[in-house]
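Close look at the chain arrangement
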Amino acid sequence: MQSKMRKNPNFPVNDLILFCIHSVVANNEQCSFERLVKECFSLFPETLRFERYPIWPDSRKLDRPLRALRDAKLIIGDPKSYFMLTKDGEKRAAIISKALRQGKLL
């Protein structure tokens, strides 16, 4: 599935972040900011890389989307602690996960 996800960069960054938080937590891990950056860059490198240095993740691309997701009450947490999905965030992540598996655009 990982290689298929890389072919779907047309999902909004917020949706990719929700999916990645869901993925980390589903593996019984705590979703720290660093772990989230690793997950996002591993699954969606085209979306989260530096333009000049494409082999490195640009964690700044997560800053505003994480705030927007928190404001929308889809996640809780912050970069100094851990991120978790709210009930609404879990529902949205399930929809995103299904769409990614089917290769659909949202």
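This brings us to the packing of aromatic side chains. Per the stated rule, a full pass over the model turns up two aromatic pairs. Ring centres of Phe19 and Phe44 lie 6.2 Å apart, and the angle between their planes is 70°; this geometry places the pair in the edge-to-face category. Of the two residues, Phe19 is situated in helix H2 (residues 13-26) and Phe44 in the loop between helix H3 (33-43) and helix H4 (45-48); the sequence distance between them amounts to 25 residues.

Nonpolar side chains in soluble globular proteins generally cluster together in the buried interior. Among the nonpolar cores identified, the biggest contains 28 residues, and Ile17, Ile21, Leu36, Leu62, Leu66, Ile75 and Phe83 are the most heavily contacted of them. Sorting the residues of this core by element identifies H2, H3, helix H5 (63-71) and helix H6 (87-102) as the ones contributing at least two each. At seven residues, H2 tops the list of elements feeding residues into this core. Setting aside chain neighbours within four positions, we find Leu62 in contact with Ile17, Phe33, Leu36, Val37, Cys40 and Leu48.

Time to look at the confidence of the model for the chain. Looking at the chain, pLDDT values average 88 and 88% of them are 70 or higher. For residues 1-8, every residue scores under 50 in pLDDT, and the model assigns this stretch 18 contacts once sequence neighbours within four places are set aside.

On to the environment of Arg60, then. Structurally, Arg60 is set in the loop between H4 and H5. Separated by 10 residues in the primary sequence, Arg60 and Phe50 have C-alpha atoms spaced 9.6 Å apart.

What counts and how
- Residues numbered from 1 in each chain as written.
- Predicted model: local features only at pLDDT ≥ 70, side-chain atom pairs only at ≥ 80, totals over all residues.
- Heavy atoms only, no water.
- Phe/Tyr/Trp six-rings, centres within 6.5 Å; stacked < 30°, edge-to-face > 60°.
- Helix = DSSP H or I, 4+ residues; strand = E, 2+ residues; numbered from the N terminus.
- Core = buried A, V, L, I, M, F, W, Y, C linked by side-chain atoms within 4.5 Å.
- Buried < 20%, exposed > 50% of the residue type's maximum accessible area, 1.4 Å probe, protein only.
- Contact = heavy atoms within 4.5 Å.
- pLDDT = per-residue confidence, 0-100.

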